[in-house]
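Coordinate inspection notes
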Amino acid sequence: MKSLVDLPVRPAPTAPADHLTLRRGAARVLIDNWTGASTVPSRTLYPHQWSWDSAFVAIGLRHLSVRRAQRELESLLAGQWADGRVPHIVFNPALPHDAYFPSPDFWQSSRAGRTAGAPSAPETSGIVQPPVHALAAWLVHRADPEESRRRGFLARVRPRLAAWHDYLLTRRDLGGGGLAAVVHPWEPGMDNSPCWDSALERVEPAPPHAFRRADLTHGHPADRPTDLDYGRYVRLATDYRAAGYDDRGLAHRFALEDPCFNALLVVSELALAAIARELGATGEPHTARAARLTRRMVARLWDEDTGLFRARDLHTDTLVDERSVSGLIPLVVPHLPQDVVRRLHTALDGPHFDAPATRLVPSYDLTGHAFDPTRYWRGPAWFNTAWLIQRGLRTHGLQESAERLKDGFLTAAGRSGFAEYVDPCTGAARGTRQFSWTAALTLDLLCADPKEPMP
């Protein structure tokens, strides 16, 4: 029997030799990081299941094993709460609590989250991550529609995905403007972005003796958030836990509307519309909701002066005065106004985000006061954001820019050993290596039909 590494996938028969080598390397990462039910982002640094990681992983796994890609999403959704939230971590009960911090005994989801509908098992975190999951489910279905229909995959995940979106657009509409808000820097997935600095200044950090950082055991301190950052993360999570993870029962000191988070909600609403049509229902409610979200995102988060989307701080009701890769990711939304698309394309090639040495997109403004090419989301280039922007460029017919970004992605992924992220100026690997979503999205760029439409 052939291993997953050896299974032929499009376009292996005609791919250049270096692409075949890259494909085999990416497949090996995903196989090595598979636990039997899901894929860990990293065997050392991130030993549990993460929410948006699993969505990206499923997008890549569909080229190796559709069954395994389906299982990836199903295992994550098994940790969904009754209120609809999909937690950002689903913990592996076989691991000791000190394998990662914050651990299950910190979140106490089955006890502190009982009123909000946390499951009794598995234990999870209480916060969320960006909603890429419906898009992932649709792409997994499209990889082998017959197998998907035979197993009833879409019929099983559709109600869970719909409940997830409903949660975000009801319980998390904290600003009253029709967009989903994030209540912790871990929720938008860009933990220590300078976009959150001003809001975090409102948060009194937990004392250093109140927590022990397991991430520094396997990660270099220069690559990671600071102890001060972590103290504030812990304080916010502790307060949320004390409120029973009740979104309306807590005066959130950190509450923002993030462009990336809401753009992915738009795209996943369109994916839900496609899923509904596939199941014989009407997709119109989801299509209409995606259109409303797009209008609201432009109205509330578009900054005409800089030609970029910005996060809105709900405490001050103002746009955050920082340029971040999050402001470019709305390119993935298919029905943006043409002038917005043009301005975003210009910003992508401008001095704030153009890193010609790697052709990747830094996570933060290259000319910004807080730019740091090595520290997590304060400058390094990430592969998941590059994949989203590349898909957005394709969506809007900007093929030359899309190909340039794709080439930069594949070169950097291979040279860095599928690193978590890279220095945007040199391409040097940073963070952990053999990172699952880097490998998965490498597979997708190598194997997916470049003309595959958005849902």
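The paragraphs below set out a description of the structure included in this document. Keep in mind the model is a prediction, meaning the values are calculated, not measured.

1. Some words on the nonpolar core
Trp387, Ile389 and Phe409 are the most contacted members of the largest nonpolar core, which has 142 residues in total. Tallying contributions element by element places helix α12 (residues 259–278) first for this core, with twelve residues. For Phe409, the residues in contact, after removing those within four places along its chain, are Leu360, Phe383, Ala386, Trp387, Thr438, Leu441, Thr442 and Leu445.

2. Digging into the environment of Glu304
The residue Glu304 is located in the loop between β4 (302–303) and β5 (308–309) in this model. Spatially, the C-alpha atom of Glu304 lies 8.9 Å from that of Arg343, the residues being 39 residues apart in sequence. When near neighbours in sequence (up to four residues on either side) are disregarded, Glu304 contacts Asp339 and Arg343. Reaching out from Glu304, the side chain makes a polar contact with the side chain of Trp302 at a distance of 2.9 Å.

3. Some details on the packing of α12 against helix α13 (residues 284–301)
Running from amino to carboxyl end, α12 crosses α13 at an angle of 165°, the nearest separation of the two axes being 8 Å. Classified by the angle their axes make, α12 and α13 are roughly antiparallel. Seen from above, α12 lies across α13 with left-handed handedness. Along the contact surface, α12 presents Pro259, Asn262, Ala263, Leu265, Val266, Glu269, Leu270, Leu272, Ala273 and Arg277, while α13 presents His286, Thr287, Arg289, Ala290, Leu293, Thr294, Met297 and Leu301. Tallied by class, residues from the contact of α12 with α13 come to eleven nonpolar, four polar and three charged.

4. Some words on the layout of surface pockets
Here the second largest pocket is characterised by a volume of approximately 200 Å³. Around the second largest pocket, the lining comprises 15 residues; the ones closest to its centre are Ser38, Gln49, Val90, Phe91 and Asn92. Split into classes, the residues belonging to the lining of the second largest pocket amount to eight nonpolar, six polar and one charged.

5. Things to note about the environment of Ala291
Here Ala291 lies in helix α13. Exposure remark for Ala291: the relative accessible area of 34% places this residue in the partly exposed category. Residues Ala291 and Gly379, spaced 88 residues apart in sequence, show a C-alpha to C-alpha distance of 32 Å.

6. Focus: the packing of helix α3 (residues 66–77) against helix α8 (residues 153–170)
For the pair α3 and α8, interaxial distance at closest approach is 11 Å and the crossing angle is 35°. For the pair α3 and α8, the sense of crossing is left-handed. Between α3 and α8, the residues in contact are Gln70, Leu73, Glu74 and Leu77 and Phe153, Arg156, Val157, Arg160 and Leu161, respectively. Tallied by class, residues from the contact of α3 with α8 come to five nonpolar, one polar and three charged.

Reading the values: rules and limits
- Residues numbered from 1 in each chain as written.
- Predicted model: local features only at pLDDT ≥ 70, side-chain atom pairs only at ≥ 80, totals over all residues.
- Heavy atoms only, no water.
- Core = buried A, V, L, I, M, F, W, Y, C linked by side-chain atoms within 4.5 Å.
- Buried < 20%, exposed > 50% of the residue type's maximum accessible area, 1.4 Å probe, protein only.
- Helix = DSSP H or I, 4+ residues; strand = E, 2+ residues; numbered from the N terminus.
- Contact = heavy atoms within 4.5 Å.
- Polar contact = N/O pair within 3.5 Å; in protein donor to acceptor, adjacent residues only side chain to side chain.
- Axes fitted to C-alpha atoms, helices over the stretch in contact; angles between N-to-C directions.
- Parallel < 35°, antiparallel > 145°, perpendicular 65-115°, else oblique.
- Left-handed = near helix turned anticlockwise from the far one by under 90°.
- Nonpolar A, V, L, I, M, F, W, Y, C, P; charged D, E, K, R; others polar.
- 1 Å grid on protein atoms, 1.4 Å probe; cavity = no way out; pocket = protein on both sides within 12 Å on 5 of 7 lines; lining within 4 Å.
- Points joined across faces, edges and corners; volume = space filled by probe spheres on them.

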